Amino acid sequence: MIRAAILDVDGVLTYFRSAWQHLHRVLGTEEWASLNREAYISGLINYRDWALVDALLWMGVPRSWVEVPVTLRRGTLELLKFLRDNDVLVIAVSGGLNYTGIPIREYINYFISNELVLDNDDSLISVKVNVENKNIVNDLINRLGLDWDYVMAVGDSDMDLPMLRRARYSIAYNPVNEEVANAARIVINSDTLYPLIDFVKAILK
């Protein structure tokens, strides 16, 4: 029986794999962002500094520009509604940014992500890093008194490895590499989330 479902957002519930890169594309800051990424990969800056210098590229941008529309993957709302209707606690977690939670917030119980910080004039001034890795989910699971034997985790990237390795029902959805695929009990490759819905229905029966 599943009591809680932890769902990665970027690449699973959305078609894009990175909310950061998606926003860079929308705002035309990709070139500068690639330099920040290279600095992080080469070890010149840590993850938090990387997030900060990326956010600085958007300094002063109004809320309406950084809360860009998000196209959800087909089957997303059906999945979330099905989980909710079957009393499964839904936790959406993202190493991306909080604007991706806007279209799903009424269907989930918890949303964990990095947050773009706005001033009183609704202009971007910084970023609050909440998710350096998905180990943060373990704190929430413990706080809620849940057992990982009753948890389903769905992810696609290296950042999802901690939760995929702990959850009894672990699904690698369009995994980015073999390590992610091997960390999960089930691998699903699909453009929609309908196969995942079928899998959840089978478990709940």
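Bear in mind that the values here come from a model prediction, so they are computed numbers and not experimental data. (Residues numbered from 1 in each chain as written. Predicted model: local features only at pLDDT ≥ 70, side-chain atom pairs only at ≥ 80, totals over all residues. Heavy atoms only, no water.)

So, about the sheet that holds strand β3 (residues 110-118). In space, the 7 strands of this open sheet follow the order β4-β3-β2-β1-β5-β6-β7, with mixed pairing throughout. Looking at strand neighbours, the two that pair on one side only are β4 (124-128) and β7 (186-188), the edges of this open sheet. The sheet shows a mean angle of 25° between the axes of neighbouring strands, taken without regard to direction. Pairing between strand β1 (residues 4-8) and strand β5 (residues 151-155): 4 bridges, direction parallel. In the strand pairing of β5, isoleucine 6 is matched with alanine 153. This element, helix α2 (residues 19-27), spans β2 (89-97), β3 and β4 of the sheet and lies at about 50° to β2. (Pairing = 2+ DSSP bridges. Helix = DSSP H or I, 4+ residues; strand = E, 2+ residues; numbered from the N terminus. Axes fitted to C-alpha atoms, helices over the stretch in contact; angles between N-to-C directions. Contact = heavy atoms within 4.5 Å.)

Time to look at a nonpolar patch on the surface. Taken together, the side chains of Leu52, Leu56, Met59 and Ile125 present a nonpolar region at the surface, about 330 Å² in accessible area. By the element assignment, methionine 59 lies in the loop between α4 (47-56) and α5 (63-66). Judged by its relative accessible area of 42%, methionine 59 is partly exposed. (Patch = residues over 30% accessible without salt bridge, like charges linked within 9 Å, V, L, I, M, F, W, Y side chains within 5 Å. Areas by Shrake-Rupley, 256 points an atom, 1.4 Å probe, with all protein chains shown as cover. Salt bridge = Lys/Arg side-chain N within 4 Å of Asp/Glu carboxyl O. Buried < 20%, exposed > 50% of the residue type's maximum accessible area, 1.4 Å probe, protein only.)

Turning our attention to the nonpolar core. In this structure, Leu7, Leu97, Met152 and Val200 are the most contacted members of the largest nonpolar core, which totals 48 residues. With 5 residues, the top contributor of residues to this core is helix α10 (residues 194-204). Ignoring anything within four residues of it in the chain, the contact list for leucine 7 reads Leu13, Leu79, Leu80, Leu83, Val90, Ile91, Ala92, Val93, Met152 and Val154. Listed in part, the 20 residues of the second largest apolar core include Trp148, Val151, Ala153 and Ala167. (Core = buried A, V, L, I, M, F, W, Y, C linked by side-chain atoms within 4.5 Å.)

The element β1 is extensively covered by neighbouring structure, given that 5 of its 5 residues are classed as buried. With 5 bridges connecting them, β1 and β2 associate as parallel partners. Across the sheet, the residue bridging to alanine 5 is valine 90, located in β2.

Among all positions in helix α7 (residues 136-143), only Val137, Asn138, Leu140 and Ile141 are buried. Down the axis of α7, the buried side of the element spans an arc of 160°, and every buried residue falls inside it. In α7, the exposed positions that point more than 90 degrees away from the buried face belong to Asn142 and Arg143. Check the buried side of α7 and you find it contacts β1, β2, β3, β5 and α8 (161-166). One or two positions beyond α7, positive phi appears at glycine 145, with a value near 70°. (Arc of directions from axis to C-beta.)

Time to look at the packing of aromatic side chains. Two aromatic rings are characterised by how far apart their centres lie and by the angle between their planes. Overall, the coordinates contain 4 aromatic pairs when judged by the stated rule. Relative to tryptophan 58, the ring of tryptophan 20 lies with its centre 6.0 Å away and its plane at 25°, an arrangement referred to as stacked. With tryptophan 20 in helix α2 and tryptophan 58 in the loop between α4 and α5, this pair connects stretches of sequence that are 38 residues apart. Take tryptophan 20: its relative accessible area is 9%, and that puts it in the buried class. Relative accessible area serves as the criterion here: at 0%, tryptophan 58 is assigned to the buried category. Ring centres of tyrosine 40 and tyrosine 47 lie 6.1 Å apart, and the angle between their planes is 75°; this geometry places the pair in the edge-to-face category. With relative accessibility at 31%, the residue tyrosine 40 sits in the partly exposed group. (Phe/Tyr/Trp six-rings, centres within 6.5 Å; stacked < 30°, edge-to-face > 60°.)

Once that is clear, we can look at the packing of helix α3 (residues 30-41) against α4. With their axes 10 Å apart at the nearest point, α3 and α4 run at an angle of 170° to one another. Considering the angle they form, α3 stands roughly antiparallel to α4. Residues Ala33, Asn36, Arg37 and Tyr40 of α3 pack against Tyr47, Trp50, Val53 and Asp54 of α4. (Parallel < 35°, antiparallel > 145°, perpendicular 65-115°, else oblique.)

Looking now at the side chain of threonine 192. Relative to the helices and strands, threonine 192 is located in the loop between β7 and α10. Dropping the residues within four chain positions of it, threonine 192 is found in contact with Arg73, Arg74 and Tyr173.

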